[in-house]
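# Remarks on the overall topology
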Amino acid sequence: MKYLAISAALVLGACAANSAGWSASTWSGLPDRTVAGGGYSFFASPAEGQGFKLKFSVKTDGTFGVAEAPTEDALVEAARAAAPEGCDFVSLERSADGGAVADYDCG
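One structure accompanies this document, and this report is about it. (Residues numbered from 1 in each chain as written. Predicted model: local features only at pLDDT ≥ 70, side-chain atom pairs only at ≥ 80, totals over all residues. Heavy atoms only, no water.)

This part is about the overall build of the protein chain. Scanning the protein chain from terminus to terminus reveals three helices and five strands. Starting at the N terminus and walking to the C terminus, you meet the elements of the protein chain as α-α-β-β-β-α-β-β. Relative to its 107 residues, the protein chain shows a buried fraction of 29%. Long-range pairs, those at least 24 residues apart, make up 46% of the contacts in the protein chain with a sequence separation of at least 6. (Helix = DSSP H or I, 4+ residues; strand = E, 2+ residues; numbered from the N terminus. Buried < 20%, exposed > 50% of the residue type's maximum accessible area, 1.4 Å probe, protein only. Contact = heavy atoms within 4.5 Å.)

Right, here's the structure in full:
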């Protein structure tokens, strides 16, 4: 019985530790990653500044150019797919480089 109680406590502790408690430092520590959206591959990384934002840039292999900027739908699809655990996509703002900055609610 003693071991059962200890096991239950460990499982509950692990669940609590996995809950997404985002702070500025944990957000900044998110790894950069590749996310697909609307036929494009985007490079997603934490954006500088306040709030929970990811910067999306069109990812290429360097051997070709992108003929046209990705559509709004492609960027929104990628932004939704990149939402970290415990966060909801809120909005998207286009950037001059053809990418965008997505804002998330992680509260």
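Further notes follow.
Summed over the entire model, instances satisfying the criterion amount to one disulfide. There is a disulfide in this structure between Cys 87 and Cys 106, and the S-S distance comes to 2.0 Å. Between Cys 87 and Cys 106 the disulfide shows an S-S torsion of about 115°. By sign, it is right-handed. Taken together, the positions of Cys 87 in the loop between α3 (72-81) and β4 (88-94) and Cys 106 in the segment after β5 (100-105) put the pair 19 residues apart, joining distant regions of the chain. (Disulfide = S-S within 2.5 Å.)

Here we come to the pattern of salt bridges. Under the definition given, this model contains three salt bridges. Between Asp 97 and Lys 55 there is a salt bridge, and its shortest N-O distance comes to 3.1 Å. Note that Asp 97 is positioned in the loop between β4 and β5 and Lys 55 in strand β3 (residues 52-58), a separation of 42 residues in sequence. In this structure, Arg 94 engages Glu 72 in a salt bridge whose closest nitrogen and oxygen atoms are separated by 3.6 Å. With Arg 94 in strand β4 and Glu 72 in helix α3, this residue pair connects regions lying 22 residues apart in the sequence. According to the relative accessible area criterion, Glu 72 is partly exposed, its value standing at 37%. (Salt bridge = Lys/Arg side-chain N within 4 Å of Asp/Glu carboxyl O.)

This paragraph deals with the pairing of β3. Of the pairings in the sheet, the one linking strand β2 (residues 40-46) to β3 comprises five bridges and is antiparallel in character. Note on β3: the bridge partner recorded for Pro 46 is Leu 54. Connecting β2 to the next strand, β3, in antiparallel fashion are five residues, including Gly 49 with a positive phi near 115°. Sheet analysis places β3 next to β5, joined by five bridges and oriented antiparallel. (Pairing = 2+ DSSP bridges.)

In terms of nonpolar packing, the biggest core is built from 22 residues, with Trp 27, Phe 56, Leu 92 and Tyr 104 touching the most fellow members. Secondary structure elements with two or more residues in this core: β2, β3, α3, β4 and β5. Looking at this core, the element that brings in the most residues is α3, giving five residues. Among all residues touching Tyr 104, those that are not within four sequence positions of it are Trp 27, Phe 52, Leu 54, Phe 56, Ala 79, Ala 82, Ala 83, Cys 87, Asp 88, Phe 89 and Val 90. (Core = buried A, V, L, I, M, F, W, Y, C linked by side-chain atoms within 4.5 Å.)

Here five strands make up an open sheet; going across it, the order is β1-β2-β3-β5-β4 and the pairing antiparallel. For this open sheet the edge positions go to β1 (33-37) and β4, each flanked by a neighbour on one side alone. If you compare each strand with its neighbour and ignore which way they point, the axes differ by 35° on average. Of the strands in this sheet, β1, β2, β3, β4 and β5 touch α3, which is tilted by about 145° from β4. (Axes fitted to C-alpha atoms, helices over the stretch in contact; angles between N-to-C directions.)

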